[in-house]
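# Remarks on the overall topology
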Amino acid sequence: MRRALMFIMEWLWRLLYLNAIWLLFSLPIFTIIPATAALFAVLDKMVRDDQDEPDFKVFFREFKRLFLKSYPLGLSIAIIGGLLVLDLLILRNAVSDMTVIIRVALLAVSLLFLIAVSYCFPVFLRYQFPWYKTLFFSFMLGVRKPIITFLMSCGFLLIILLVLFVTGIGVLLVASLTALISTISAHYVLNSLPKITPKGAK
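Here we summarise the structure given alongside this text. For every chain, the first residue of the written sequence is number 1, and numbering continues from 1 onward in sequence order. pLDDT decides what is reported in this predicted model: residues at 70 or higher carry local features, side-chain atom pairs at 80 or more are listed and counted, and totals for whole chains, interfaces and linings draw on all residues regardless. Hydrogens and water molecules were not included; the side-chain quantities draw on all heavy atoms of the structure.

### Brief notes about the overall build of the protein chain
A run of H or I in DSSP counts as a helix once it spans at least four residues, and a run of E counts as a strand once it spans at least two, with each numbered from the N terminus. Within the protein chain one finds 8 helices and 0 strands. Ordered by position in the sequence, the α and β elements of the protein chain form the string α-α-α-α-α-α-α-α. Here the radius of gyration uses the C-alpha set of atoms, whereas the globule reference equals 2.2 Å times the residue count to the power 0.38. Expected size for 202 residues packed as a compact globule is a radius of gyration near 17 Å; at 18 Å, the protein chain falls within 12% of this value. Overall, the protein chain is about 60 × 45 × 35 Å in size when its C-alpha atoms are taken along their principal axes. The rule is simple: take the accessible area with a 1.4 Å probe, protein chains only, and divide by the maximum for that residue type; under 20% is buried, over 50% is exposed, in between is partly exposed. Here the protein chain holds 202 residues, and the buried ones make up 42% of them. Counting contacts in the protein chain only where the partners sit at least 6 residues apart, residues at least 24 apart contribute 72% of the total. Accessible surface, the protein chain: about 12,200 Å² in total, of which carbon and sulfur atoms supply 74%. Only four residue types enter the charge count: Lys and Arg as positive, Asp and Glu as negative, with His and the chain ends excluded. Note that the charge is assigned to NZ on lysines, CZ on arginines, CG on aspartates and CD on glutamates. Between the centroid of the 19 positive side chains of the protein chain and the centroid of its 10 negative side chains there is a distance of 6 Å. Here a residue-residue contact requires only that any non-hydrogen atoms of the pair lie within 4.5 Å. For the accessible areas, the method is Shrake-Rupley and the probe is 1.4 Å, while residue cover comes only from the protein chains on display.

Structure (structure tokens):
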């Protein structure tokens, strides 16, 4: 019991520390994409046991390494997600049969897009695919392992509830805890696949 409590407290400290670094590097809003990629990179090392503790120097190194590489993926997620949200807002009060069908279709596409986004950063870090291939491959991972995807979605839902009802703690953990759930889920799914050596991978 004591060991389990120590384990939880240790990971809570790690997540709080990483979230604070992520917030610091995201303060200029335009750096939120490489900061998020660096957050995933550090957590990926920790999940793989390549690194025991979060380290500011490691985060900064990953931030610099991924600064330009992460923008195509990050901007594509922002643009596609923004367009889907905008379309849903435009159609939210529509009542005709055709617009209702379009709205349902958009909701379905949005759900599929969220599945892809949930896995995309761990996939990008491991394979260095172009952004469109990263999203497609991530979507296929989510479909391949629906139970893992469902459990990951439940984890994201718990984070939303934490932010809504325990806002202070939720804000201090939202980015790092979301990235941890995504990384662990993707790590499990990717390790179940045969080895892939994509052209141009680094």
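### Focus: the packing of helix α1 (residues 2-26) against helix α3 (residues 56-66)
All axes are obtained by fitting lines to C-alpha atoms, using only the stretch in contact for helices, and the reported angles, taken between N-to-C directions, cover 0 to 180 degrees. Here α1 crosses α3 at 40 degrees, and the two axes come no closer than 11 Å. Here α3 runs oblique to α1, going by the angle between their axes. The two elements α1 and α3 cross, and the hand of that crossing is right-handed. Of the residues in α3, those in contact with Y17, L18, I21, W22, L24 and F25 of α1 are F56, F59, F60 and F63. Of the residues assigned to the contact of α1 with α3, the class counts are 10 nonpolar, no polar and no charged. Under this scheme an angle from 65 to 115 degrees is roughly perpendicular, one under 35 degrees roughly parallel, and one over 145 degrees roughly antiparallel; angles in between are oblique. In this scheme the handedness of a crossing depends on how the near helix is turned from the far one: anticlockwise by less than a right angle means left-handed, clockwise means right-handed. Any residue that is not Ala, Val, Leu, Ile, Met, Phe, Trp, Tyr, Cys, Pro, Asp, Glu, Lys or Arg is counted as polar, Gly included; the first ten are nonpolar and the last four charged.

### Looking at α3
Since one α-helical turn is 3.6 residues long, residues separated by three or four positions face the same way. For α3, the full list of buried residues reads V58, F59, E62, F63 and L66. In a view along the axis of α3, the buried residues occupy a sector of 140 degrees, so they form one face of it. Facing away from the buried side of α3 by over 90 degrees, the exposed positions are K57 and K64. Lining the buried residues of α3 we find α1, α2 (32-47) and α5 (97-127). It is the directions from the helix axis to the C-beta atoms that the arc portrays.

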